[in-house]
Structures are given as structure tokens and as C-alpha cells.
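Architecture and fold: a report
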Amino acid sequence: MKRNLLFLLGIVFLTQFSFSQKPRNHPLVAENGECLRCHGQTVYTAHSTDGRKQTKRPMSQACIIAIPGYQKAIHGSLKCIDCHAEGYKNTPHSPDLQFESVYTCTDCHEGTKKFKRFHLDSIVAGYDKSVHAKAMAKTFSCWKCHNPHTYVNAFSDQTDLKSAITVSNAACLDCHNNAVKYKLLTNKPADNLIKEHVWLKHPELHLKNIRCVDCHAKLASGTFTPHEILPAQDAIRKCTACHSQNSILANSLLKSDKKSDLLGFSNSKSLEYAFIMGANRNIWLNIISGSLFALLLVGLFIHLIFTLRYRKLHKNG
Amino acid sequence: MADQTLLYPRWLRLWHSVNGILCLFLMVTGLVMQYASPSTIVFSFPTAITVHNICGILLILNWIIFIIANALSRNGSYYKISLKLIRESTVQFRYYISGMFKGEPKPFKEDSDRKFNPLQQLTYWLAMYVILPLIVITGFIMINIEQLLSDEHGIFIYQIADLLHICAAFFISAFMFIHFYLAALDGKTNFKKII
Ligand code: HEM
Ligand code: HEM
């Protein structure tokens, strides 16, 4: 129904991001079974050192890896020990392993041809200048936003713009709305995000329908996902930055080759999931209504002149 | 000429003033929203939205009052339309564009049986029973965007509502200009009876 009507309207979406049709679903990596025996469940079986006694223990929440999520993740084809130390094969793990140094994204991806399209240089440079990197140089890393076990790419793994936004924002909300993760990094109390954004009139609507980075990060060349998160006071707060014909969203989220499509909606890409007043103006409606109004005023004016002339003549004659 | 205070009772005059002022505000703020740009000066964008929403809700109430009052009072009888009216309207229209310059008398007499000339009758009916309901209903839909968008098809309904709203807003604005102009043609006394 919805599709037909959209077709009737003839709204043409020029989707520049290539949304893939099928979500990833990696087969389980055999070697990972050994780790997931414990980490894939809420409860694991612990053994005494001599192996004779055993008991059921709860796995702490942060250490549980949801298996379906892992299979759908970009890195779901990797073995746990591609990233983690071999030492984890021994249980219980040695406490020293907690201090293992983890790979960064660039360790594996820098300079590879397949990765060129992501403009890693621009991303890394942006990240280095971000509030997170500056305030928490030692403890923050790319992994904090790109969950190592569930990360999916917002644009190539999602089928539509709306879910791309959801995935993208989940990266931030997963921490800013999660007291435990937030506390691991700072002693500051976590903000109530809705409260921080009430000035947006419809805070929930906005937080769901725009990416956090569209307001909070500085535009960067080459990537749709700018990584330089600015201090809060430098975030975009002017409504007309988005609610106008040359919306800033046109340079990032709604980037497309054409300013308007056949039917004349500006920034039409967003019509797939939203209606942004001011930005989704219809140029044809604007022109037609403007001309008709001008015509009407001219008509009334001419009528007025005739009337005045007639009345003057009438009085004199 | 029929008794003006009978044809234009106090409630009607009060209703009409409120209606006119609200529509004026809604037009201005609506334009600011539609043509929002970083340099808009009349109203800032968030102010325009707040004013538009408040005036919009008041207009809905005002419109409901009119519909109820019209149903209960004699005033409703002037809003009966028939096919005949279209033909008569063209006669009235011809009078406005040529007849009145030749000194012809008004083709239809206005009295307590016929308060409006046919053109007025038709356009007032269109304004009050077609365009305003459209604007009021679509506006009401859009004001509840949060509830609407929890539904999967919500955004599509919203987009359609918005387009209808804008089109209806155009017609009501055009109506207002013509309405004002034609009312002014009859001179000051004509305004007195409705204020
Ligand atoms: C004379 C009456 C009215 C006029 C001329 C008018 C005009 C407009 C215009 C031009 C827009 C901008 C639409 C856009 O660019 O997307 C608008 C939006 C809106 N109007 Fe009205 N309006 C009127 C009455 C109402 C009423 C009665 C309500 C109901 C409460 C209402 C609620 C809204 C809302 C919620 C929006 C926001 C639409 C959006 O988000 O795009 N309006 N109106
Ligand atoms: C869009 C807003 C407006 C609407 C929808 C509207 C609607 C109406 C309606 C329905 C009537 C007939 C009332 C009745 O007797 O039942 C009327 C009469 C009248 N209106 Fe308005 N009106 C609007 C704005 C204005 C404005 C701004 C003025 C000028 C100040 C004005 C001046 C008059 C006058 C002088 C009459 C009485 C003359 C006559 O019988 O035609 N109106 N209007």
C-alpha cells in the first residue's frame, strides 16, 4: 500500500549509499565455540584447579557475547584469538591478561585497498581531535564506539536510511545512556540526554531521526561519518541549519548528486523516512503558488483601478 | 435592508474577529516555517512553530464553535448549497467584472432570506466546510507527530497531511485576500457589521 502510493507520488529516491540487500550472517567459527561455551551464555561452569569439583557461575554482563549479534557483525568471521591473546585459552584466565594491549583498527586496515573508500586517514585525524580522545586519551579508543563483537556498518549493512541512523546513534547511546560503561571512563555523572536536548522542541523525534554526529561532529572530507566530536557548546543548535533549503544535512546524511528530484522536493532523500519542514520544500508548489498569488494581486489591483475610475466618472457625471 | 444586528449577532462577530486574527497569524508563521532560512527575520523559526501551534489549536476550537453554533442557530440556513448556486455565482461574477462598471444593479438582493450573494454563499461554504476542515484536520494530525511516527506508515500519512495542509493554506490565504477586497468595495459600513 505504502509503496504503491509512494510510486504514485513518483518520489524518486536517489540513494547514493549502497544499501546491501541481505544482512551479513557469518557461519559460526569453529574455534570460537571453545570461548563461547562460557562467553556465549549467561551462566558458565567453573572447575576447581584439580578439575574434580564443578559449579555453575553467572557470567558478568559485560563479558557475555550474544552469538547472533556476533554472527551478524562485520568481524563475525574472525576468531576470538585473532584479536585476543592466545593466553585466554587457559581458564580461569590469568589476571595479567586484563592488561593485554588490543589492536586498533589501523593495525589491520591501514593501507588495504578494500578499505580505501572509508578514508581512514580523515577518520583517524578527526578522532584524534575529538573530545573523547582529548579527555580520555588512555582509556578511550575506536572500540568504544565500534563494539568489537557487534559492530555493523551503518550504511552498507542497513537496508534504509532510518535504520542506518538508528545503528549510527546506538554507538553513542550505548554508552551515554549506559551508566556502567560511562562510569568506567569518567567520574562525571551521566547526562540525561533527552533533558540535554529539550530545546529541540521534539527531542525524541530529533534524536531518533538525525545522527548525533550531524550536530556534534565537524564535517570532514571523504567520509559521511565525521569523527571529530566537538565540545557540546560547539554543537549545532540553530534550527534553520537543518530546516532550510540548503540544509547542512545535504552535505552529510542526505548527500545526493541532485539538489532536487523530478517532483521538485528539495533534499528529497529524507522523504524516505521523514519530512523536514523548510528543507523538504517543493519547488514546483512554491513557484505555482507564488505565481498564482502574484496574478491574484495584479487582478485585484486592476479591478481596483477600474472601480476607482468608474466611481470618479460616476460622481462627476 | 434587513436588521444588521439580527443577521450578524454578537457571537458571530466575536467568532469572526477571532477567526480572522488567528488566520492572519497562522499565515505569517506558516510562511516563516515553509520558507525557513537562516536569515528569516519576522519571527525566529522556533517562535514561529510555537505561535503556529497555539494559534492552530485555538483555530480548531473556534471552528468547532462555528459549526455547532451554525447548526443550532438560524445562521446555518445561509450555508445551504445547491447546484443552482454555481450558475448564479457566474452571474454574480460577471457583475463584479463588468456589470458594476456599467452601473447595473446588483443581480441579487441581500435580505434576511438571502444574507449572502451567491458567490459569497458558495465561497463562504467552501471556506468553512471544505478548506478550513481540511486545514484543521491535517494540522491536528501533524501536531501529534510523535504519536504518529511510532506507526510504520506514520511518516507517509504525515507527508500527505503536510502537502494537503500547504495546499489548503494557499487557498485560504487567497480567499482571505479576495474576501477582504470585496468586503472593502462596499465601504466602511460593511466592516462595522462584522466587527
Ligand atoms: C489559516 C490557517 C493555516 C495556515 C495558513 C497554515 C499554514 C501552514 C504552513 C504554510 C505550514 C508550513 C508547512 C511546511 O512548509 O511544511 C504549516 C505547518 C504546520 N501547521 Fe499550519 N496553517 C494553518 C492552520 C493550522 C492549524 C489549524 C493547525 C492545527 C493545529 C496547524 C498546524 C500546523 C503544523 C503542526 C505544522 C507543521 C508542519 C510541518 O511539520 O511541516 N496549522 N501551516
Ligand atoms: C481567512 C480568514 C477569514 C475567514 C475564514 C472569514 C470568513 C467569513 C465568513 C464565513 C463570513 C460570513 C459570516 C456569516 O455571516 O455567517 C464573513 C463575513 C465577513 N468578513 Fe470574513 N473571514 C476571514 C477574514 C476576514 C478579514 C481579515 C476581514 C477584514 C477585516 C473580513 C471581513 C468580513 C466582512 C466585512 C464580512 C461581512 C461582509 C459579508 O457579509 O460578506 N473577514 N467572513
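For the structure itself, consult the block above.
These lines cover the structure that appears in this document, whether it is placed above or below. For clarity, every value in this text was computed on a predicted model and none was experimentally measured. (Residues numbered from 1 in each chain as written. Chains lettered and ligands numbered in written order. Predicted model: local features only at pLDDT ≥ 70, side-chain atom pairs only at ≥ 80, totals over all residues. Heavy atoms only, no water.)

A few points about the overall build of chain A
- Across its full length, chain A holds 15 helices and 4 strands.
- Taking all 317 residues of chain A together, 31% fall into the buried category.
- Sequence-distant contacts in chain A: of pairs separated by 6 or more residues, those separated by 24 or more amount to 54%.
- Summed over its atoms, the accessible surface of chain A is roughly 20,500 Å², and 60% of this surface lies on carbon and sulfur atoms. (Helix = DSSP H or I, 4+ residues; strand = E, 2+ residues; numbered from the N terminus. Buried < 20%, exposed > 50% of the residue type's maximum accessible area, 1.4 Å probe, protein only. Contact = heavy atoms within 4.5 Å. Areas by Shrake-Rupley, 256 points an atom, 1.4 Å probe, with all protein chains shown as cover.)

A word on the site of ligand 2
All names here are of chain B.
- The environment of ligand 2 is formed by 21 residues, the closest being Tyr-8, His-16, Lys-115, Tyr-124 and His-179.
- Take Lys-115: an N or O atom from its side chain is 2.6 Å from an oxygen atom of ligand 2.
- Note that an oxygen atom of ligand 2 is positioned 2.7 Å from one of the side-chain N or O atoms of Gln-120.
- Mapped by element, the contributors of at least two residues to the shell around ligand 2 are α2 (10-34), α5 (118-143), α7 (154-185) and α8 (188-192). (Near = heavy atom within 4 Å. Polar contact = N/O pair within 3.5 Å; in protein donor to acceptor, adjacent residues only side chain to side chain.)

What about the site of ligand 1?
- Near ligand 1 lie 24 residues; those nearest to it are B:Gln34, B:His52, B:Tyr158, B:Asp162 and B:His165.
- The environment around ligand 1 is built from residues contributed by chains A and B.
- Side-chain polar atom of B:Tyr158 to an oxygen atom of ligand 1: 2.3 Å apart, as the coordinates give it.
- Note that an oxygen atom of ligand 1 is positioned 2.4 Å from one of the side-chain N or O atoms of B:Asp162.
- Taken together, the residues that form the shell around ligand 1 break down as 16 nonpolar, 7 polar and 1 charged. (Nonpolar A, V, L, I, M, F, W, Y, C, P; charged D, E, K, R; others polar.)

Here's the deal with the interface of chain A and chain B
- Listed per partner, the contact involves 36 residues of chain A and 35 residues of chain B.
- Counting the surface lost from both chain A and chain B, the interface buries some 3,400 Å², and carbon and sulfur atoms represent 73% of this.
- Where chain A meets chain B, there are 10 residue pairs in polar contact (both at pLDDT 80 or more).
- For the side of chain A that touches chain B, the secondary-structure elements that each account for two or more residues are α1 (2-9), α12 (203-209), α14 (239-242) and α15 (283-316) of chain A.
- Among the elements that make up the side of chain A that touches chain B, the one with the highest residue count is α15(A) (14 residues). (Buried area = accessible area lost by both parts, 1.4 Å probe.)

Some details on a nonpolar patch on the surface
Residues and elements named next belong to chain B.
- Taken together, the side chains of Ile-54, Ile-57, Leu-58, Leu-61, Phe-140 and Ile-143 make up a nonpolar region of the molecular surface, amounting to roughly 540 Å² of accessible area.
- Taken together, the elements giving at least two residues each to the nonpolar patch come down to α3 (45-72) and α5.
- Among the elements that make up the nonpolar patch, the one with the highest residue count is α3 (4 residues).
- Positionally, Phe-140 belongs in helix α5. (Patch = residues over 30% accessible without salt bridge, like charges linked within 9 Å, V, L, I, M, F, W, Y side chains within 5 Å. Salt bridge = Lys/Arg side-chain N within 4 Å of Asp/Glu carboxyl O.)

Concerning the packing of α2(B) against α7(B)
All names here are of chain B.
- Two numbers describe how α2 lies on α7: the axes approach to 11 Å, and their chain directions differ by 130°. Judged on the interaxial angle alone, α7 and α2 are oblique. Both α2 and α7 take part in a crossing whose hand is left-handed. Together, His-16, Gly-20, Cys-23, Leu-24, Met-27 and Gln-34 of α2 and Ile-166, Ser-173, Met-176, Phe-177 and His-179 of α7 make up the contact between the two elements.
- Residue composition of the contact of α2 with α7, grouped by class: 6 nonpolar, 5 polar and no charged. (Axes fitted to C-alpha atoms, helices over the stretch in contact; angles between N-to-C directions. Parallel < 35°, antiparallel > 145°, perpendicular 65-115°, else oblique. Left-handed = near helix turned anticlockwise from the far one by under 90°.)

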